[in-house]
Amino acid sequence: MNIDWNAILQVAFPALILLSMLLGLFSLLLVVVPGLTIIWVSALVYGIVEGFGTWGWVIFAVMTIQMVIGSISDNFLMGINARSTGASWLAIGVAVVGGIVGSLVFPPFGGILAALLGIFIVELIRIKDLKQAWVSLKGMATGCSAAVVLRFAMGIGMIILWCIWAFVVN
């Protein structure tokens, strides 16, 4: 019995890339895992192994733009929503720093909890109004939710683009 390893690899490699991308997509629901980066790196590995070609470079460039926009969207949307509820820039800055530190010290949910706690405490100290501090916290939480939805949509779009690259134009 002669096994055609080349044929097996032609099926297994794209399947592994797709599995990696799907893991990256669903990791986006954890907020702190860089799922878009996982999807992007998977596409990069595919391009390096299989070759990019003209359409591959175009699709990979679009995927790169999606990854960058999706990756910075959380800070932007959280800050915009918190600011629209009256939160100070200081509170937003503390929340961002708290989110980064919390993600590193208490993964997977320490970042979001530290960010929300940070904005709440700073706003409570600043304005001495529990209700308004709560409104700022809710604004940041709403921005975080919007960012998760945006990143998830970007991830789906990136995977669809890769499927077009891998199975249609390549």
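Every value quoted in this text rests on a predicted model; they were computed, and no experiment measured them.

*Asks:* What is the right way to read the layout of surface pockets from this model?
*Replies:* Vacant regions in the atomic arrangement are exposed by a probe of water-molecule size rolled over the atoms. Looking at the second largest pocket, its volume works out to about 190 Å³. Residue lining of the second largest pocket: N6, L9, Q10, F13, P14, Y46, E50, A166, F167 and N170, and that is the complete set. In terms of residue count, the dominant contributor to the lining of the second largest pocket is helix α1 (residues 5-27) (five residues).

*Asks:* Is there a simple way to think about the side chain of E123 in this case?
*Replies:* Along the chain, E123 falls in helix α5 (residues 110-127). Overall, E123 belongs to the buried group, its relative accessible area being 0%. There is a polar contact of 2.8 Å between the side chain of E123 and the side chain of R126. Beyond its immediate stretch of four places on either side in the chain, E123 contacts G86, A87, S88, A91, K128, A133 and S136.

*Asks:* For this particular structure, what's the right way to read the pattern of salt bridges?
*Replies:* A side chain with one charge can pair with a side chain of the opposite charge if their charged atoms come near. Taken as a whole and judged by the stated rule, the model has one salt bridge. E123 is paired through a salt bridge with R126; the nearest N and O atoms lie 2.8 Å apart. Here E123 and its partner R126 are both found in helix α5, three residues apart, which amounts to about one turn of the helix. What makes R126 partly exposed here is its relative accessible area of 42%.

*Asks:* Honestly, the packing of helix α3 (residues 53-84) against helix α6 (residues 130-169) in this entry has me stumped. Any pointers?
*Replies:* A pair of packed helices can be characterised by two numbers: the angle between their axes and the separation between those axes. Across the interface, α3 lies against α6 with an axial gap of 7 Å and an inter-helix angle of 175 degrees. Here α3 is positioned roughly antiparallel relative to α6, judged by the angle of their axes.

*Asks:* Which parts of the structure should I look at to understand the nonpolar core?
*Replies:* Nonpolar side chains in soluble globular proteins generally cluster together in the buried interior. Formed by 22 residues in total, the largest nonpolar core has its most connected members in M21, I39, M63, W162 and W165. Breaking this core down by element, the ones donating at least two residues are α1, α2 (35-50), α3 and α6. Top element by residues in this core is α6. It accounts for seven residues. By size, the runner-up hydrophobic cluster in this structure holds 16 residues, among which are A82, A91, A115 and M140.

*Asks:* Please clarify how the environment of L161 should be interpreted in this entry.
*Replies:* Positionally, L161 belongs in helix α6. Along the backbone, L161 and G99 are 62 residues apart, and their C-alpha atoms lie at a distance of 31 Å. Setting aside residues up to four positions removed in sequence, L161 forms contacts with I59, V62, M63 and Q66.

The rules behind these values
- Residues numbered from 1 in each chain as written.
- Predicted model: local features only at pLDDT ≥ 70, side-chain atom pairs only at ≥ 80, totals over all residues.
- Heavy atoms only, no water.
- 1 Å grid on protein atoms, 1.4 Å probe; cavity = no way out; pocket = protein on both sides within 12 Å on 5 of 7 lines; lining within 4 Å.
- Points joined across faces, edges and corners; volume = space filled by probe spheres on them.
- Helix = DSSP H or I, 4+ residues; strand = E, 2+ residues; numbered from the N terminus.
- Buried < 20%, exposed > 50% of the residue type's maximum accessible area, 1.4 Å probe, protein only.
- Polar contact = N/O pair within 3.5 Å; in protein donor to acceptor, adjacent residues only side chain to side chain.
- Contact = heavy atoms within 4.5 Å.
- Salt bridge = Lys/Arg side-chain N within 4 Å of Asp/Glu carboxyl O.
- Axes fitted to C-alpha atoms, helices over the stretch in contact; angles between N-to-C directions.
- Parallel < 35°, antiparallel > 145°, perpendicular 65-115°, else oblique.
- Core = buried A, V, L, I, M, F, W, Y, C linked by side-chain atoms within 4.5 Å.

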